[in-house]
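Below, each chain spelled out in residue letters.
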Amino acid sequence: MRTIIEPFRIKVVEPIRMTTREQRERILREVGYNVFLVHAEDVLIDLLTDSGTGAMSNLQWAGVMRGDESYAGAKSWYVFREKIHELTGFEHILPTHQGRASERILFQLVGGPGKVVPNNNHFDTTRANVEHSGAKAVDLVIEEGRHPTTRHPFKGNMDVAKLEALIQEVGAENIPIVMLTITNNSGGGQPVSLENIRAVRKVCDRHKLPFFFDACRFAENAWFVKMREPGQQDCSIREIVREMFDLVDGATISAKKDGLVNIGGLLLLRDEQLVRKANELLILTEGYVTYGGLAGRDLEAMAQGFEEVVSEDYLQYRIRSTEYLGENLLAAGIQIVEPPGGHAIYIDAKHFCPHIPPHQFPGQAVSCGLYRHAGIRTSEIGSVMFGQGGATPAMELVRLAMPRRVYTQSHLDYVVEGAVELFQQRDSLRGLEIVYEPPALRHFTARFREL
Ligand SMILES: *Cc1c(COP(=O)(O)O)cnc(C)c1O
């Protein structure tokens, strides 16, 4: 059979409130053409982010009821610890409320002025935490990863020669850790090969540097390795996941992605001295070491989520859904970042509406157009997000992020139809100008006017 079905039945439904084009037109005017300010119940298909927006399974909800809310040493903590240990081999597992809390603890301990942290591409919160510590964040993704239409099976790989050069330039003593983000979120959800992970490990060994993952989408990365990397086809996802984690000294993880939960995070460590200091910080700001800012029920849901995410049926459906959306947009002539990544499709807004110059925010125009035409919410990743203070980002993108197990194929067919119809009327899209912006992070609250 060629048809890949959603590998689940639906037991609980959350109705979507239908809206008309006229209602959405009025809403857009009211919120100043910024979809972040639209009430979620006025959205038909919400592709704003894949973070914390997934659907939990029957067994995860059962875990919520089983949750042991004891302050210390709860049964749920041991269930969670055992599951993560089994999956990753790590002995030291710190629960946190989300990924950035793990990053904050890690970089408070290893960062600091004069330090340099290499990564393929730092995710925004990772970069912010590195820089907040006083250290410098450096992106070393391979050249192919910098070009939106260049196809490469592992576009998230790190350029190992550039890593060597950086170590020569700044000195190994100034690099506290080397990081690799799997999959590479800021680079379009592109995977990193096992071969590349091994090559980075070799460089780290040669210079005695600790090697860490930002492993939010480790299972999606493992699926791409199984599909694309020579010699890996016969390995199970669990074997690939274990092989990946065996190559690193630690990891920060947001469970809001491949943990299949709505809140939660982890910090994995091997170094005993670092573990002691991290536990002290964890207790100071997150919570005791057996719950780390989460409820017992959250730990149960996470344990079950990490079990379900390595299911091959789930991953095939997951990655194929994203690819299906991307291929259908491409087939209609809409340029996207190629090849489709794991968790999102990025529309090239410069190509979509060449009549709108970057200073009139083509990505914002497409994002508003998708909401007005079809009630679809996306996020602009271009001049609104990165252009504050006069910078000109290389790309004007609109991200369609895929919540996990939430939308069916017919929802995606609707998204494709909406985007294609908008593309056919693209000449009617108008540029925007900013009428209000805050001093920083303007994409969340800025207001616009149509030109
Ligand atoms: C989401 C994400 C984070 C931060 O996690 P939060 O749970 O949002 O704090 C860090 N790195 C990557 C690659 C992410 O995708």
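Residues numbered from 1 in each chain as written. Predicted model: local features only at pLDDT ≥ 70, side-chain atom pairs only at ≥ 80, totals over all residues. Heavy atoms only, no water.

Student: Describe the nonpolar core, and please don't skip the residues or the numbers.
Tutor: Counting residues in each nonpolar core, the largest one holds 63 residues, and the members touching the most others are Phe213, Phe218, Phe245 and Leu266. If you tally residues by element for this core, the top one is helix H8 (residues 218-228), at six residues. Among the domains, domain 1 (21-50 + 312-450) and domain 2 (58-308) are the pair contributing at least three residues each to this core. Sequence-distant contacts of leucine 266, that is, excluding residues within four places in its chain, are made with Phe80, Ile84, Ile93, Leu94, Thr96, Ser102, Ala251, Thr252, Ile253, Ala255, Met302 and Phe306. Core analysis: the next-biggest nonpolar cluster, separate from the first, contains 45 residues, Ile27, Ile345, Cys353 and Phe361 among them. (Core = buried A, V, L, I, M, F, W, Y, C linked by side-chain atoms within 4.5 Å. Buried < 20%, exposed > 50% of the residue type's maximum accessible area, 1.4 Å probe, protein only. Helix = DSSP H or I, 4+ residues; strand = E, 2+ residues; numbered from the N terminus. Domains from an automatic or database assignment. Contact = heavy atoms within 4.5 Å.)

Student: Give a detailed account of the layout of surface pockets, specifying residues and quantitative values.
Tutor: One water molecule sets the probe size; rolling that probe over the atoms shows where empty space is left. The computed volume of the second largest pocket comes to approximately 1400 Å³. For the second largest pocket, the lining is made up of 36 residues, of which Val12, Glu14, Ala55, Arg405 and Val406 are closest to its centre. Those elements that provide at least two residues to the lining of the second largest pocket are strand S1 (45-46) and helix H2 (58-66). Among the residues forming the lining of the second largest pocket, the class breakdown is 19 nonpolar, nine polar and eight charged. Split by domain, the residues of the lining of the second largest pocket number at least three in each of domain 1 (21-50 + 312-450) and domain 2 (58-308). (1 Å grid on protein atoms, 1.4 Å probe; cavity = no way out; pocket = protein on both sides within 12 Å on 5 of 7 lines; lining within 4 Å. Points joined across faces, edges and corners; volume = space filled by probe spheres on them. Nonpolar A, V, L, I, M, F, W, Y, C, P; charged D, E, K, R; others polar.)

Student: Before we move on, could you go through the site of the ligand and cite the residues and values that matter?
Tutor: Around the ligand sit 15 residues, and of these Arg100, Asp214, Arg217, Ser254 and Lys257 come closest. Note that an oxygen atom of the ligand is positioned 2.9 Å from one of the backbone N or O atoms of glycine 99. Between the ligand and the protein, one listed contact pairs an oxygen atom with a side-chain N or O atom of serine 254 at 2.6 Å. Contact with the protein chains covers 97% of the free accessible surface of the ligand, which is 380 Å². Residue assignment for the shell around the ligand shows that the elements contributing at least two residues are helix H4 (99-110) and helix H5 (124-132). A per-class count over the shell around the ligand returns two nonpolar, seven polar and six charged. (Near = heavy atom within 4 Å. Polar contact = N/O pair within 3.5 Å; in protein donor to acceptor, adjacent residues only side chain to side chain. Areas by Shrake-Rupley, 256 points an atom, 1.4 Å probe, with all protein chains shown as cover.)

Student: Could you give me a rundown of the environment of aspartate 246, with the residues and numbers involved?
Tutor: On the secondary structure map, aspartate 246 appears in helix H9 (residues 237-246). C-alpha separation for the pair aspartate 246 and glycine 89, spaced 157 residues apart in sequence, amounts to 7.1 Å. Filtering out sequence-adjacent residues up to four positions away, aspartate 246 remains in contact with Thr88 and Arg270.

Student: Describe in detail the pattern of salt bridges, supporting the description with residues and values.
Tutor: Here the structure, examined in full by the defined rule, presents 33 salt bridges. Ionic pairing is found between aspartate 246 and arginine 242, a salt bridge with its closest N-O pair at 3.0 Å. You can see aspartate 246 and its partner arginine 242 sitting in helix H9, four residues apart, about one turn around the helix. Given a relative accessible area of 45%, aspartate 246 falls into the partly exposed group. Notably, a salt bridge pairs aspartate 258 with arginine 404, separated by 3.4 Å at the nearest N-O pair. Remark: arginine 404 occurs in the loop between strand S12 (397-401) and helix H16 (409-424) and aspartate 258 occurs in the loop between strand S7 (250-254) and strand S8 (265-269); sequence separation between them is 146 residues. When its relative accessible area of 1% is taken as the criterion, arginine 404 is described as buried. (Salt bridge = Lys/Arg side-chain N within 4 Å of Asp/Glu carboxyl O.)

Student: Can you break down unusual backbone geometry residue by residue, with the values?
Tutor: Geometrically, the link from isoleucine 182 to threonine 183 is a cis peptide bond, its omega value of -20° lying close to zero. Along the chain, threonine 183 turns up in the loop between strand S5 (178-181) and helix H7 (194-206). Here the residue pair glutamate 338 and proline 339 is connected by a cis peptide bond, since its omega of -15° sits within 30 degrees of zero. Even without being a glycine, leucine 260 presents a positive backbone phi close to 55°. Leucine 260 sits in the buried class, given a relative accessible area of 3%. Of note in this structure, arginine 405 is not a glycine but carries a positive phi near 65°. By secondary structure assignment, the location of arginine 405 is in the loop between S12 and H16. Residue arginine 405 is classed as buried on the basis of its relative accessible area of 14%.

Student: Kindly report on the domain arrangement of the chain, identifying the contributing residues and their values.
Tutor: Its domain assignment divides the chain into domain 1 (21-50 + 312-450) and domain 2 (58-308). Here domain 1 and domain 2 have C-alpha centroids that lie 28 Å from each other. Contact with domain 1, which involves 22 residues of that partner, is made by 26 residues of domain 2. Between domain 1 and domain 2, the buried area comes to about 2100 Å², and carbon and sulfur atoms account for 54% of it. In this structure, the connection of domain 1 to domain 2 is made through seven salt bridges. With a shortest N-O distance of 2.8 Å, arginine 405 and glutamate 308 are connected by a salt bridge. Inspection of the domain 1/domain 2 interface yields 15 residue pairs in polar contact (both at pLDDT 80 or more). For the side of domain 1 that touches domain 2, the element with the highest residue contribution is helix H12 (residues 312-331), accounting for seven residues. (Buried area = accessible area lost by both parts, 1.4 Å probe.)

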